[in-house]
Amino acid sequence: QVQLVESGGGLVEAGGSLRLSCAASRSIFSINTMAWYRKAPGRQRELVASITSGGSTNYADSVKGRFTISNDNAKNTVHLQMNSLKPDDTAVYYCYAAVRQTVYVEYWGQGTQVTVSS
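Residues numbered from 1 in each chain as written. Predicted model: local features only at pLDDT ≥ 70, side-chain atom pairs only at ≥ 80, totals over all residues. Heavy atoms only, no water.

A. Highlighting the pattern of salt bridges. The final tally for this structure, using the stated rule, is five salt bridges. The closest approach of N and O atoms between Arg 38 and Asp 89, which form a salt bridge, is 3.0 Å. Taken as a pair, Arg 38 in strand S4 (residues 33-39) and Asp 89 in the loop between strand S8 (77-82) and strand S9 (91-100) lie far apart in primary sequence, 51 residues in all. Accessibility assignment for this pair places Arg 38 and Asp 89 in one class, buried. For Asp 61, the salt bridge goes to Lys 64, with nearest N and O atoms at 3.1 Å. When sorted by exposure, Asp 61 lands in the same class as Lys 64, which is exposed. One salt-bridge network, held together by shared partners, links Arg 38, Glu 46, Arg 66 and Asp 89. (Salt bridge = Lys/Arg side-chain N within 4 Å of Asp/Glu carboxyl O. Helix = DSSP H or I, 4+ residues; strand = E, 2+ residues; numbered from the N terminus. Buried < 20%, exposed > 50% of the residue type's maximum accessible area, 1.4 Å probe, protein only.)

B. Molecular detail of the side chain of Thr 112. Its location among the elements puts Thr 112 in strand S11 (residues 112-117). Once you skip the residues sitting within four places of it in the chain, Thr 112 turns out to touch Glu 6, Gly 9, Leu 20, Ala 91, Val 92 and Tyr 93. (Contact = heavy atoms within 4.5 Å.)

C. Up close: the state of the cysteines. Evaluated as defined, the whole model comprises one disulfide. Note that Cys 22 is cross-linked by a disulfide to Cys 95, the S-S spacing being 2.0 Å. Note on the Cys 22 and Cys 95 pair: the S-S dihedral is about -85°, so by sign convention the disulfide is left-handed. In this pair, Cys 22 is assigned in strand S3 (residues 18-24) and Cys 95 in strand S9, connecting sequence segments 73 residues apart. For Cys 95, a relative accessible area of 1% corresponds to the buried category. (Disulfide = S-S within 2.5 Å.)

Spelled out as structure tokens, the structure:
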């Protein structure tokens, strides 16, 4: 079982920055993949960025060069640094974790709102 608690959302002007954090209830070394998804009104949920326990990262094309996902293993926390924010980035951002057991078990955080004003 993994509990995920997000923090760091808020309101920011276009061009600004925010850093989201996701604290896991267990060592992230034991979590195969952690990621950030987002869901905007009228849009499907989309993968924003992911990071494996080995440190491999993946980004949506829309955020490449602007967002950075990273691990803080000492604090069992994953961060999403978001720079050059655009109104189109406005969404609820969800932390995600996948743990491989006999099958992959998925966990989700409660979500944090990010609003970018133009």
